[in-house]
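# Coordinate inspection notes
Now for the letters of each chain:
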Amino acid sequence: MATTTIKVSGMTCGGCVKSIENALNEQAGVLRVKANLDAGTVSIDFDAGAIAPAALEQAIEKAGFDVAA
Ligand code: 9UX
């Protein structure tokens, strides 16, 4: 298992948090998602053999949020 923390901009309310968590939880290989609204970060536990970190970022962007560098 791997863990990554991604900085997300545009995550400004509890609804945003839910949207991002839902988008990530839909991805095969994602085990656990925890978004931190105050910090603007999303921490994700995932199976590195099943999904690449870039795909996690793409799922966030597809949900309408920007991933910070
Ligand atoms: Mo609340 Mo977050 O309307 O986009 S869901 S700001």
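This structure is a prediction, so every number in the text was calculated from the model and none was measured.

Cut-offs and rules
- Residue numbering note: each chain is counted from 1, following its sequence as written.
- Per-residue local features are limited, in this predicted model, to residues with pLDDT of at least 70; the limit for side-chain atom pairs, both in listing and counting, is 80 or more; totals at the level of whole chains, interfaces and linings are taken over all residues.
- Note that water and hydrogens are dropped before the side-chain values are worked out from all heavy atoms of the structure.
- Interaxial angle, 0 to 180 degrees, is taken between N-to-C directions of lines fitted to C-alpha atoms, where a helix line uses only the stretch in contact.
- Secondary structure counts use DSSP, requiring at least four H or I residues in a row for a helix and at least two E residues in a row for a strand, with both numbered from the N terminus.
- Should an angle fall under 35 degrees it is called roughly parallel, over 145 degrees roughly antiparallel, and 65 to 115 degrees roughly perpendicular, with every other angle called oblique.
- Working rule for handedness: look at the near helix, and if it is turned counterclockwise from the far one by less than a right angle, call the crossing left-handed; if clockwise, right-handed.
- Note on contacts: a residue pair is in contact if any heavy atoms of the two residues lie within 4.5 Å.
- Each residue is assigned to one of three groups, with Ala, Val, Leu, Ile, Met, Phe, Trp, Tyr, Cys and Pro labelled nonpolar, Asp, Glu, Lys and Arg labelled charged, and all others, Gly among them, labelled polar.
- The salt bridge definition used is simple: a Lys or Arg side-chain nitrogen within 4 Å of an Asp or Glu carboxyl oxygen.
- In this scheme, a residue with accessible area under 20% of its type's maximum is buried, one over 50% is exposed, and one in between is partly exposed, where area comes from a 1.4 Å probe on protein chains only.

### Brief notes about the packing of helix H1 (residues 14-25) against helix H2 (residues 53-62)
It is at 9 Å that the axes of H1 and H2 come closest, and there the two elements cross at 135 degrees. Relative to H2, the element H1 lies oblique. When you trace H1 past H2, the crossing you get is right-handed. Counted together, Ile20, Ala23 and Leu24 of H1 and Leu56, Ala59 and Ile60 of H2 form the full contact between these two elements. Residues belonging to the contact of H1 with H2 are distributed by class as follows: six nonpolar, no polar and no charged.

### So, the pattern of salt bridges
Pairing between side chains of opposite charge can happen when their charged atoms approach one another. According to the stated counting rule, one finds two salt bridges in the structure shown. Its salt-bridge partner being lysine 18, residue glutamate 21 comes within 3.8 Å of it at the nearest N-O pair. Here the residue glutamate 21 and the residue lysine 18 both occupy positions in helix H1, the gap between them amounting to three residues, near one helical turn. According to the relative accessible area criterion, glutamate 21 is buried, its value standing at 11%. For arginine 32, the salt bridge is made with aspartate 45, and the minimal N-O distance between the two is 3.8 Å.

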